[in-house]
Amino acid sequence: MNVGIKTNIITIHDELEKKYTVVREDTQFIHLFGPVNFPINLNSKRYVFNWYVWKVKDYSMSFQELLKELKNNGADQNYNSILTYGDFENSHNALVRIHSCCLTGDVFGSTRCDCGPQLNHSLEHIVNSTSGAIVYMDNHEGRGIGLYAKAIANTLQELGFDTYEANNILDFEDDERTYDEAISIIKYFRAEKGITLLSNNPDKLRCFKKKGIIVNDVIPIHGFENEDNKRYLNSKLKRIANHIDFDEEKLS
Ligand SMILES: Nc1nc2c(ncn2[C@@H]2O[C@H](COP(=O)(O)OP(=O)(O)OP(=O)(O)O)[C@@H](O)[C@H]2O)c(=O)[nH]1
């Protein structure tokens, strides 16, 4: 990529580099690029978000080095995104959805899960509020088992196993996701300011609290139940009920 072209005094490279930030987090480095102006169409209305893309690495690098790395293997990597709305950095409260990548549900509209409608509802909540963000975790696909393994797990479900059993048969944990990266990015934008979490998942709430972020409220985000996702939703509810009392967690 030739980004060294001169436009008067400032080079295009300099302009791009201004949007590149490396944030140190203990022994790790968040390589963040943005904001990118990001208009979306939601229910036939146009809303403008800011899109940032980021990757956590255990080393720092210059923008020039990053460009080289992207050219060599950028397409084979996972990169997470945060879409912010309103004055996300400064608002008193902000709605936050950590959304785990689901190619099949979010993009293809699969009815085997409720991921696509959950993403949509979260966007609706955010644009109806003053500020918020979707943290889209690309490396969470299939609750962290990846797309290929998810296809195999889906096939096991056809044979009668539930989503968690299918993961276990493939030697994965019930849920392989961690939320540290997602929470670090929220912390970068909002420091210690409180948020309202859009989720039904007590693990997410627990992780926010552990990282010292005040959760002012939790709004459950539901998709819809149908013949295809009934078992998926039921096993999810059962697991949540077995692991923790969400309401108690909310109040503590
Ligand atoms: N392993 C596996 N993952 C799936 C399956 N169907 C959807 N997923 C993934 O499940 C993830 C979403 O997790 P959920 O448990 O539905 O929801 P959650 O994020 O924990 O909780 P909420 O915040 O309430 O949405 C996405 O990464 C999907 O790709 C499946 O059949 N097997």
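Residues numbered from 1 in each chain as written. Predicted model: local features only at pLDDT ≥ 70, side-chain atom pairs only at ≥ 80, totals over all residues. Heavy atoms only, no water.

The first and last C-alpha atoms of helix α4 (residues 115–127) sit 19 Å apart over 13 residues, in line with the 18 Å expected at 1.5 Å per residue. For α4, every residue scored as buried is listed here: Cys115, Gly116, Pro117, Gln118, Leu119, Ser122, Leu123, Ile126 and Val127. (Helix = DSSP H or I, 4+ residues; strand = E, 2+ residues; numbered from the N terminus. Expected span 1.5 Å × (residues − 1). Buried < 20%, exposed > 50% of the residue type's maximum accessible area, 1.4 Å probe, protein only.)

Summarising the model, the chain shows a mean pLDDT of 91, and 92% of its residues fall at 70 or more. For this predicted complex, the interface confidence reaches an ipTM of 0.94, while the overall pTM sits at 0.91. (pLDDT = per-residue confidence, 0-100.)

Right, let's get into the site of the ligand. For the ligand, the set of nearby residues contains 24 residues, the closest of which are Arg177, Ser199, Asn201, Lys204 and Tyr232. Separating an oxygen atom of the ligand from a side-chain N or O atom of glutamine 157 is a distance of 2.9 Å. When isolated, the ligand has an accessible area of 660 Å², and the protein chains bury 97% of it. For the shell around the ligand, the residue count by class is six nonpolar, 11 polar and seven charged. (Near = heavy atom within 4 Å. Polar contact = N/O pair within 3.5 Å; in protein donor to acceptor, adjacent residues only side chain to side chain. Areas by Shrake-Rupley, 256 points an atom, 1.4 Å probe, with all protein chains shown as cover. Nonpolar A, V, L, I, M, F, W, Y, C, P; charged D, E, K, R; others polar.)

Next up on the list: the pattern of salt bridges. All told, the structure shown has nine salt bridges when counted by the stated rule. Its salt-bridge partner being lysine 211, residue glutamate 25 comes within 3.9 Å of it at the nearest N-O pair. Linking glutamate 25 in strand β3 (residues 20–25) with lysine 211 in the loop between α9 (202–210) and β10 (215–219), this pair joins segments that are 186 residues apart in sequence. Overall, the relative accessible area of 26% leaves glutamate 25 in the partly exposed class. Exposure remark for lysine 211: the relative accessible area of 24% places this residue in the partly exposed category. Across the pair lysine 150 and glutamate 141 runs a salt bridge, and its minimum N-O distance is 2.7 Å. The burial state of lysine 150 is the same as that of glutamate 141; both residues are buried. (Salt bridge = Lys/Arg side-chain N within 4 Å of Asp/Glu carboxyl O.)

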